[in-house]
Amino acid sequence: GAVVSQHPSWVICKSGTSVKIECRSLDFQATTMFWYRQFPKQSLMLMATSNEGSKATYEQGVEKDKFLINHASLTLSTLTVTSAHPEDSSFYICSAMPGAQSYNSPLHFGNGTRLTVT
Amino acid sequence: AQRVTQPEKLLSVFKGAPVELKCNYSYSGSPELFWYVQYSRQRLQLLLRHISRESIKGFTADLNKGETSFHLKKPFAQEEDSAMYYCVPYSSASKIIFGSGTRLSIRP
């Protein structure tokens, strides 16, 4: 089955530093990947849609300069949290849709990254 | 506006009892409907989708276009069904937005 690998699983960083999270589709190509944020005991909040070879589409209220998304290949999208602050501490999840964007295709999820900013 | 409503945050039933997790949606166009599940300490995964009309782990979901609902059902709950369930409708005209989710707890 389709596998999405997300690294790191957890990371602790100091305020003001940047953290990069990788999302890889291991056995399929993904034109579109999605980045979500999940607060404790809450649902997933869509942050942005990442399209290979083009700029990401950010949701309202998500700072694109703070959450930099790069989707340079069909198997890799990265989310960089720049100048992290404690309020950025959260669980970040990526998902990928196989092939060209088709809304009949299911999403495949990474295992998530627990970010703690001290 | 796009909206998906899962009215129950927590649903607790006894093992062997029937289960119904409700989902109502408001979407432009004709969305495809999915149910995703997240078991404890595991990643989100697809449970079932309407287009496949399949039964997975004993679960089925019927699309009611008139009521714009896609409720998830299982006649006899098992302890391993305890998890977080998300109803996710999406179409080419919409974003992929998750409902608030329902935590299903099966009591022995």
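Please refer to the structure placed before this passage.
Residues numbered from 1 in each chain as written. Chains lettered and ligands numbered in written order. Predicted model: local features only at pLDDT ≥ 70, side-chain atom pairs only at ≥ 80, totals over all residues. Heavy atoms only, no water.

Student: How do you make sense of the interface of chain B and chain A when you look at a structure like this?
Tutor: Reports of interface size often rely on the accessible area that becomes lost once the parts have come together. At the interface, 20 residues of chain B touch 18 residues of chain A. Summed over both sides, the interface of chain B with chain A buries roughly 1700 Å², with 56% coming from carbon and sulfur. Counting the contacts that link chain B with chain A gives zero salt bridges. For the side of chain B that touches chain A, the elements supplying multiple residues, two or more each, are strand E5 (32-38), strand E6 (45-49) and strand E9 (83-90) of chain B. Here the side of chain B that touches chain A takes four residues from E5(B), the largest share from any one element. For the side of chain B that touches chain A, the per-class residue count stands at nine nonpolar, seven polar and four charged. (Contact = heavy atoms within 4.5 Å. Buried area = accessible area lost by both parts, 1.4 Å probe. Salt bridge = Lys/Arg side-chain N within 4 Å of Asp/Glu carboxyl O. Helix = DSSP H or I, 4+ residues; strand = E, 2+ residues; numbered from the N terminus. Nonpolar A, V, L, I, M, F, W, Y, C, P; charged D, E, K, R; others polar.)

Student: How do you make sense of the pairing of strand E2 (residues 10-14) of chain B when you look at a structure like this?
Tutor: Within a regular strand, the side chains alternate between the two sheet faces. All names here are of chain B. Only one face of E2 is buried, namely the one carrying Leu11 and Val13, since none of Leu10, Ser12 and Phe14 on the opposite face is buried. With five bridges connecting them, E2 and strand E10 (residues 102-107) associate as parallel partners. Bridge pairing in E10 places Ser12 opposite Ser105. (Buried < 20%, exposed > 50% of the residue type's maximum accessible area, 1.4 Å probe, protein only. Pairing = 2+ DSSP bridges.)

Student: What is the right way to read the environment of A:Tyr92 from this model?
Tutor: Residue and element names in this part refer to chain A. Mapped onto the elements of the fold, Tyr92 is located in strand E9 (residues 90-97). A residue is classified by how much of its surface remains accessible, and Tyr92, at 0% relative accessible area, is buried. Considering only alpha carbons, one finds Tyr92 and Gly112, 20 residues apart in sequence, at a separation of 5.5 Å. Those residues in contact with Tyr92, other than ones at most four positions away along the chain, are Gln6, Ile21, Tyr36, Arg37, Met47, Phe67, Leu79, Gly112, Thr113 and Leu115. In this structure the side chain of Tyr92 is engaged in a polar contact, spanning 2.7 Å, whose partner is the backbone oxygen of Asp88. (Polar contact = N/O pair within 3.5 Å; in protein donor to acceptor, adjacent residues only side chain to side chain.)

Student: Could you clarify how one ought to interpret the packing of aromatic side chains in this entry?
Tutor: We describe a pair of aromatic rings using the distance from one ring centre to the other and the angle between the two ring planes. What the rule picks out here adds up to ten aromatic pairs over all chains. Relative to B:Tyr36, the ring of A:Phe109 has its centre 5.5 Å away and its plane inclined at 80°; by these criteria the two rings are edge-to-face. Here A:Phe109, found in strand E10 (residues 108-109), pairs with B:Tyr36, found in strand E5, and the two come from separate chains. The class of A:Phe109 is buried, set by a relative accessible area of 3%. Look at B:Tyr36 and you get buried, because its relative accessible area is 0%. In textbook terms, an aromatic cluster arises when at least three aromatic residues are bridged by ring pairs, as seen for A:Tyr36, A:Phe109, B:Phe34, B:Tyr36, B:Tyr86, B:Tyr90 and B:Phe98. Sitting above the plane of the B:Phe14 ring, B:Arg107 keeps its charged end 4.2 Å from the centroid. (Phe/Tyr/Trp six-rings, centres within 6.5 Å; stacked < 30°, edge-to-face > 60°. Lys NZ or Arg CZ within 6 Å of the ring centre and 35° of its normal.)

Student: For this particular structure, what's the right way to read the state of the cysteines?
Tutor: Each disulfide consists of a covalent bond between the sulfur atoms of two cysteine residues. One pass over the full model with this rule turns up two disulfides over all chains. In this model B:Cys23 forms its disulfide with B:Cys87; the gap between the sulfur atoms is 2.0 Å. Residues B:Cys23 and B:Cys87 share a disulfide whose torsion about the S-S bond is about -60°; that sign makes it left-handed. Placement of the pair is B:Cys23 in the loop between strand E3 (19-21) and strand E4 (24-26) and B:Cys87 in strand E9, with a sequence separation of 64 residues. Using a relative accessible area of 0% as the deciding quantity, one classes B:Cys87 as buried. Summary of cysteine pairing: A:Cys13 is not part of a disulfide, and the nearest cysteine sulfur, belonging to A:Cys94, is at 18 Å. Note on A:Cys13: relative accessible area 8%, which makes it buried. (Disulfide = S-S within 2.5 Å.)

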